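Residue-level structure breakdown
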Amino acid sequence: MKTLIKGGTVVNATGTATADVLIDGETIAAVLAPGSTLLGFDIEQNVDQVVDATGKYVIPGGIDAHTHMQMPFGGTEASDTFETGTRAAAHGGTTSIIDFVVQYAGENILDQYNLWQEKAAGQCAVDYGFHQILSDVQDSSLTAMDELINEGVTSFKLFMAYKGVFLSDDGQIVKAMQRASDNGSLIMMHAENGSVIDLLVKQHLERGETTPYYHGVSRPWQAEEEATHRAIMLANLTGAPLYIVHVSAKQAVEQIAAARDNGQNVFAETCPQYLYLSLEDQLGASSPEWGEFEGAKWVCSTPLRSKHEGHQHHMWQGLRTNDLQVISTDHCPFCMKGQKDMGLADFSKIPNGIGSVEHRMDLIYQGVVMGEITLPRWVELTSTTPARMFGVYGKKGVIQPGADGDVVIYDPNGHTSIGLEKTHHMNMDYSAWEGYEIDGHVDTVFSRGRMIVDDDAYLGRKGDGAYFKRGLSQYLI
Ligand code: URP
Ligand code: ZN
Ligand code: ZN
Ligand code: ZN
């Protein structure tokens, strides 16, 4: 199958150009001046389909480097399967996800990795890779890290919170970091001080403060700043590269910026929820169905932060200054009925997570519309840098000959209304983004050369998506 995408504005992280894109089979074959011939052949006459992208952007497919499909968590399981979650991703212009293999304390890492491969196999609409979560860092975990690198799993997430579930103590963290420093892998950190949070949660509940708002209040920015600083120091001690996930506090960005100014290999992502949503939105949320428990829809960790403290402004600024390099969703969806409602009487029992995998490209494109970031920066934050950070650049994250034919045609004059009855394809009974109106629209999505979405119609099949082995990070200094 040969496709010519004609007349669009090709947007890479390096800039924009009016160009035609020729996809041959699964791969981009050429990026050409508009209307060019190839070795004397009229290209249009020699392809199977021509797609007119005049007036539209032609961008590398989005890469969401932080998702949790069907993750067992909080006494339940994330509601999107690999099938539903990756199909929703495709609708939103995301053609790759990197999901987390979970190891709970005591579980064998390689068994868990094989289990996740089984869960995803034959299910996905788009290509996928894996990170590995390490909880209790045993000696066997260290050899498993080396083995997983050969399987294309080159990044390992540790947690400084969730005692008894995920938490690694500082000694275990150092042990994993030492290994990462030796084998070249990347340590990802959930940076929140778990002991402090556990105490504050207990105190709020004892005072009868049980509503979703207290989830945020019990996870203050100081707990994020402290853990971020500690993670940076432990990485400094061991020489391990460090990537802080789901940053929401401006003080954490300041710690990251200082470490980077100091020449340390410290990187970070933020998520759409920390750019747009606030603790006050959660406090003010109420509905006839749920009353003030409505706020449970936005319970995630790190939590939404107060809009009066300047966090959102700082996130956008960090995205411009490259103190934050990646935007992922931390897609971890739960339904209100039967899942989030486990916490009706106690916010600490609300499963943590928000689902956004379908809306990331649209939501961050709004940053371009609002003048917060440039068009190439949109592509860099959502596709190119995730590809480089996690070792798939060249195949993914760029429109250039030899890259996979993962291409999105985005219409800046189109419009997208987000909501349960509208564009929503995620397996959730609510949308955290209900009512958001987007100036822009994902028109057409190609995954390795196959058109899988066209004007909101899904044309792909489950199992189209393939596992990709990742190399070591291409972003380290
Ligand atoms: O609330 C969140 N973020 N749930 C997913 C698990 C994690 O910490 O990333
Ligand atoms: Zn986390
Ligand atoms: Zn997560
Ligand atoms: Zn359209």
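Residues numbered from 1 in each chain as written. Chains lettered and ligands numbered in written order. Predicted model: local features only at pLDDT ≥ 70, side-chain atom pairs only at ≥ 80, totals over all residues. Heavy atoms only, no water.

1. Quick word on the site of ligand 1
This is how it is decided: Whether a residue is near a molecule or strand depends on its heavy atoms: it is near if one of them lies within 4 Å of it. Pairing of N or O atoms within 3.5 Å defines a polar contact, subject to two protein rules: one partner must be a possible hydrogen donor and the other a possible acceptor, and residues neighboring in sequence count only if both atoms are side-chain atoms. The method behind every accessible area is Shrake-Rupley, applied with a 1.4 Å probe, and residues are considered shielded solely by the protein chains displayed. The definitions used throughout rest on a 1 Å grid laid over the protein atoms alone, on which a cavity is an enclosed set of points accommodating a 1.4 Å probe that cannot get out and a pocket is an open set flanked by protein within 12 Å on both sides along at least five of seven lines; lining residues are those having an atom within 4 Å of a point. The way we define it, a molecule is inside a pocket or cavity when more than half of its atoms are within 2 Å of that pocket's grid points. Following the grouping adopted for this structure description, the nonpolar residues are Ala, Val, Leu, Ile, Met, Phe, Trp, Tyr, Cys and Pro, the charged ones are Asp, Glu, Lys and Arg, and the polar ones are all others, Gly among them.
Near ligand 1 there are 13 residues, and of these Lys157, His190, Ser301, Asp330 and Asn352 occur at the shortest range. Between a nitrogen atom of ligand 1 and a side-chain N or O atom of Asp330, the distance comes to 2.5 Å. In the model, a nitrogen atom of ligand 1 is placed 3.1 Å from a nitrogen or oxygen of the Asn352 main chain. Across the complex, the protein chains shield 100% of the 260 Å² of accessible surface that ligand 1 would expose by itself. Judged by the fraction of its atoms near the pocket grid, ligand 1 is located in the largest cavity. Residue composition of the shell around ligand 1, by class: four nonpolar, seven polar and two charged.

2. Topic: empty space enclosed by the protein
Think of a ball as big as a water molecule: rolled over the atoms, this probe shows where empty space is left. Rule in force here: Grid points are joined across faces, edges and corners, and a volume is the space filled by probe spheres set on the points. These domain limits were set by an automatic method or by a database of domain assignments.
Here the structure, examined in full by the defined rule, presents four cavities of 30 Å³ or more. The computed volume of the largest cavity comes to approximately 130 Å³. What lines the largest cavity is a set of 15 residues, and nearest its centre among them are His68, Phe73, Tyr162, Ser301 and Asp330. Size it by volume and the second largest cavity reaches roughly 100 Å³. For the lining of the second largest cavity, the class distribution of residues is one nonpolar, seven polar and three charged. Counting the residues that make up the lining of the second largest cavity, at least three belong to each of domain 1 (2-59 + 394-418 + 438-458) and domain 2 (61-390).

3. Thoughts on the UniProt feature "domain: Amidohydrolase-related" (unreviewed entry) in the chain
The criterion, for reference: UniProt positions are given in the numbering used here, feature names are shortened, and annotations may be inferred rather than shown by experiment. Here a helix means four or more residues in a row that DSSP labels H or I, a strand means two or more in a row labelled E, and each is numbered from the N terminus.
Here the UniProt-annotated "domain: Amidohydrolase-related" (unreviewed entry) positions come out as residues 57-451. In the segment residues 57-451, helix accounts for 36% and strand for 18%; the C-alpha atoms at its two ends are 16 Å apart.

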